[in-house]
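The chain contents come next:
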Amino acid sequence: MIYLKTDEEIELLRESNLLVGMTLGELAKWIAPGITTLKLDKIAEEFIRDHGAVPGFLGYGGFPNTLCISVNEQIVHGIPSNYELKDGDVVSIDCGTLKNGFNGDSAYTFCVGEVAYEVRRLLKTTKESLYLGIEQAVEGKRIGDISNAIQTYCEKKGFSVVRELCGHGVGKRLHEDPEVPNYGRRGCGPLLKNGMVIAIEPMINLGSRNIVIERDGWTTRTRDRKPSAHFEHTVAIREGKADILSSFKYVEEVLGEKSI
Ligand code: MG
Ligand code: MG
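Rules of the game
Residues numbered from 1 in each chain as written. Chains lettered and ligands numbered in written order. Predicted model: local features only at pLDDT ≥ 70, side-chain atom pairs only at ≥ 80, totals over all residues. Heavy atoms only, no water. Helix = DSSP H or I, 4+ residues; strand = E, 2+ residues; numbered from the N terminus. Rg over C-alpha atoms; globule rule 2.2 N^0.38 Å. Buried < 20%, exposed > 50% of the residue type's maximum accessible area, 1.4 Å probe, protein only. Contact = heavy atoms within 4.5 Å. Areas by Shrake-Rupley, 256 points an atom, 1.4 Å probe, with all protein chains shown as cover. Donors = N, O, S within 2.8 Å, 3.2 Å for Na, K, Ca; no water. Axes fitted to C-alpha atoms, helices over the stretch in contact; angles between N-to-C directions. Parallel < 35°, antiparallel > 145°, perpendicular 65-115°, else oblique. Left-handed = near helix turned anticlockwise from the far one by under 90°. Nonpolar A, V, L, I, M, F, W, Y, C, P; charged D, E, K, R; others polar. Pairing = 2+ DSSP bridges.

Helices and strands together make up the secondary structure of the protein chain, namely 5 helices and 15 strands. Taken over C-alpha atoms, the radius of gyration comes to 17 Å for the protein chain, in line with the 18 Å a tight globule of 260 residues would show. Dimensions of the protein chain, computed from the C-alpha atoms along their principal axes, are close to 45 × 45 × 40 Å. Across the 260 residues in the protein chain, those meeting the buried criterion constitute 55%. Relative to all contacts within the protein chain whose residues are 6 or more apart in sequence, the contacts with residues 24 or more apart total 71%. A total accessible area of about 11100 Å² is found for the protein chain, and carbon and sulfur atoms account for 50% of it.

Every protein donor of the magnesium ion (ligand 2) is listed here as Asp105 (OD), His168 (NE2), Glu201 (OE) and Glu232 (OE), and their distances to the metal cover 2.1 to 2.2 Å. Mapping the donors of the magnesium ion (ligand 2) onto the primary sequence yields the spacing D-x62-H-x32-E-x30-E. In this structure, the magnesium ion (ligand 2) lies 3.1 Å away from the magnesium ion (ligand 1), the two metals sharing Asp105 as a donor. Here His168, found in strand E7 (residues 167–169), pairs with Glu201, found in the loop between strand E9 (197–200) and strand E10 (203–205); they are 33 residues apart in sequence, far enough to count as distant. The exposure classification of His168 matches that of Glu201, with both residues buried.

The next subject is the packing of helix H3 (residues 117–135) against helix H4 (residues 143–156). At a minimum axis separation of 8 Å, H3 and H4 run at an interaxial angle of 150 degrees. The angle between H3 and H4 places the two elements in the roughly antiparallel class. Helix-helix and strand crossings are classified by hand; for H3 and H4 the assignment is right-handed. Contacts between H3 and H4 pair Thr125, Glu128, Ser129, Leu132 and Gly133 from the former with Ile146, Ala149, Ile150, Tyr153 and Cys154 from the latter. Across the contact of H3 with H4, the residue classes tally to 6 nonpolar, 3 polar and 1 charged.

Attention now moves to the sheet that holds strand E11 (residues 211–213). Taken in spatial order, the 3 strands line up as E3-E12-E11 in an open sheet, and their pairing is antiparallel. In this open sheet, the two edge strands, each paired with only one partner strand, are strand E3 (74–76) and E11. With direction set aside, neighbouring strand axes in the sheet form an average angle of 40 degrees. Two strands pair when backbone bridges link them, and E3 and strand E12 (residues 220–222) are joined in this way by 2 bridges, in the antiparallel orientation. Looking at the pairing, Gln74 lines up with Arg221 of E12.

This is the structure we're talking about:
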């Protein structure tokens, strides 16, 4: 069942999603060799609570933390730990907030120090594919138009698309219908309507698309242990142009010229 949101509800969703963007911006100031992923998690939790919201992922399905932090070959759902980031790592940070009963959900993959050219190219391609998907997220198109735009672009660049995980509707619940796969056929899938709110989140691998779920039951990594990238925005479907409710502005202000 796909819930269409009113304009008032979309403004509440914008508030939650902007707070995710601000949290990612705060984290961007701290990401450097030597910091543990658990420290980043604490910074995010405090920041979210200081802004009158609660972490959306904490306790969701039993997830133990505020952030999903996935380093290098980890694709998504990594659990914060005492691992210290090191020069050359890439780290996907996925953040959720719950405020006024509505969820925010957005993710960004950061470089730690100097990252290999091919891995930077993976990040850049994944981020670009997210925006190509968003271009398709308008009334009258179909979910498959978003999926196909992402898949076609990433595969053309020589990367592979994770199939087992996908984007989703966002609202009072973190995961609502419809599913938003990152692969698919143009013109297929649910019709996009004004007031739908969806998270689009390409998960793209440097090597093969195959995944493994670690024994912790959460951490999802590439089977070949090559790096993976993940960027996510929550968007509202509108006529003519998607309305991006989350924001990378805060991250990019911090990263400046080092932005991917
Ligand atoms: Mg997310
Ligand atoms: Mg999501």
